[in-house]
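One-letter residues, chain by chain:
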Amino acid sequence: MSAEIELVGIPAGRVTLSDRRTERSWAVDLAPYRIGEVGVTQEQYLSVTGLRPSSAEGDRLPVESVSWFDAIGFCNALSERSGLAPAYRVDGTAVEWDVTADGYRLPTEAEWEYACRAGTSGPRYGELDEIAWYRENSGGRAHEVGGKAPNAWGLYDTLGNTWDWCWDVYDAEVYGEYRVLRGGGWSDQHWSCRASVRRRSYPTFRIDDVGFRVARSG
């Protein structure tokens, strides 16, 4: 059983994020980084953690029913297994990101959106039915990763299939420690499967259409 994760190199650039609720937008400059070609699979999660939390079982299905804390724990465990410096210092429910570490981590939401867009400026990088599993074509379930067309940078399932946890706090003043989710899932309507859509939930939240993909700096 292999825990090898394929990462895609993403060039430096700038992305402008927006939030419909606050009608705010902001630009973020990004250094080069690497991000998972697909979301973490159940096989990979099991190999690293010994656990299979997902509601539907299949080695090539995306892991789901995992919390933000679960994703943080996976990143650190995979880093240690790979001989890399863990990206996160965890003290109870307090998590600090060591930005100098070379280990696996969650993407920031700016990194996520920039990678999802892959140089495009519209809501999606292709026709939705060709690139994503969502409510109209999923049959009410998650599908094996990589089954739809990739974007121009070779990333699969950034839209649809399962939402991806990101590192960022959504809005600390209003929602406290709620973290950002991106990408839409297999049960979502088409309007949720857009590059700019931001969803939020508390870091212990688990549900069957939320997973994650990993990233590394540099």
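Residues numbered from 1 in each chain as written. Predicted model: local features only at pLDDT ≥ 70, side-chain atom pairs only at ≥ 80, totals over all residues. Heavy atoms only, no water.

Per an unreviewed UniProt entry, the recorded name for the protein chain is Formylglycine-generating enzyme required for sulfatase activity, and the organism is Nocardia bhagyanarayanae.

## Thoughts on the nonpolar core
For the record, the criterion: Here, the term nonpolar core denotes a set of buried Ala, Val, Leu, Ile, Met, Phe, Trp, Tyr and Cys residues that are joined through side-chain atoms within 4.5 Å. Here the term buried applies to any residue with accessible area under 20% of the maximum for its type, exposed to any over 50%, and partly exposed to those in between, with areas from a 1.4 Å probe on protein chains only. Secondary structure elements follow DSSP: runs of H or I no shorter than four residues count as helices, runs of E no shorter than two count as strands, and numbering proceeds from the N terminus.
Ranked by size, the top nonpolar core spans 27 residues in total, and within it Val 40, Phe 74, Tyr 88, Leu 106, Trp 165, Phe 212 and Val 214 carry the most contacts. Listing elements by their share of this core, those giving two or more residues are α1 (42-49), α2 (68-81) and β7 (163-169).

## Let's talk about α2
The cut-off we apply is this: The length a helix should cover is 1.5 Å for every residue beyond the first. Definition of a polar contact: a pair of N or O atoms within 3.5 Å, with one able to donate and the other able to accept a hydrogen when the atoms are protein atoms, and with sequence-neighbouring residues admitted only if both atoms are side-chain atoms.
With 14 residues, α2 extends 20 Å between its outermost C-alpha atoms, agreeing within 8% with the 20 Å of an ideal straight helix rising 1.5 Å per residue. For α2, the set of buried residues is Trp 68, Asp 70, Ala 71, Ile 72, Phe 74, Cys 75, Asn 76, Leu 78 and Ser 79. Among the residues of α2, the N-terminal cap falls to Ser 67, whose side-chain oxygen and the backbone nitrogen of Phe 69 are separated by 3.3 Å. Gly 83 lies just past α2 and shows a positive phi near 75°.

## Quick notes on the packing of α1 against α2
We count it as follows: Lines are fitted to the C-alpha atoms to define the axes, a helix being fitted only along its stretch in contact, and any angle between axes, read from their N-to-C directions, falls within 0 to 180 degrees. In what follows, roughly perpendicular refers to angles from 65 to 115 degrees, roughly parallel to angles under 35, roughly antiparallel to angles over 145, and oblique to any angle outside these ranges. Each helix crossing is assigned a hand: it is left-handed if the near helix lies turned anticlockwise from the far helix by less than a right angle, otherwise right-handed if that turn is clockwise. Whether two residues touch is decided by their heavy atoms; if any such pair falls within 4.5 Å, the residues are in contact. Throughout this entry, Asp, Glu, Lys and Arg are counted as charged residues, while Ala, Val, Leu, Ile, Met, Phe, Trp, Tyr, Cys and Pro are counted as nonpolar. The remaining residues, Gly among them, count as polar.
Where α1 contacts α2, the two axes come as close as 9 Å, and the packing angle between them is 70°. Classed by the angle they form, the pair α1 and α2 counts as roughly perpendicular. Considering how the two elements wind past one another, α1 and α2 form a crossing that is left-handed. Along the contact surface, α1 presents Gln 44, Tyr 45, Ser 47, Val 48 and Thr 49, while α2 presents Asp 70, Phe 74, Ala 77, Leu 78 and Arg 81. Residue composition of the contact of α1 with α2, grouped by class: 5 nonpolar, 3 polar and 2 charged.

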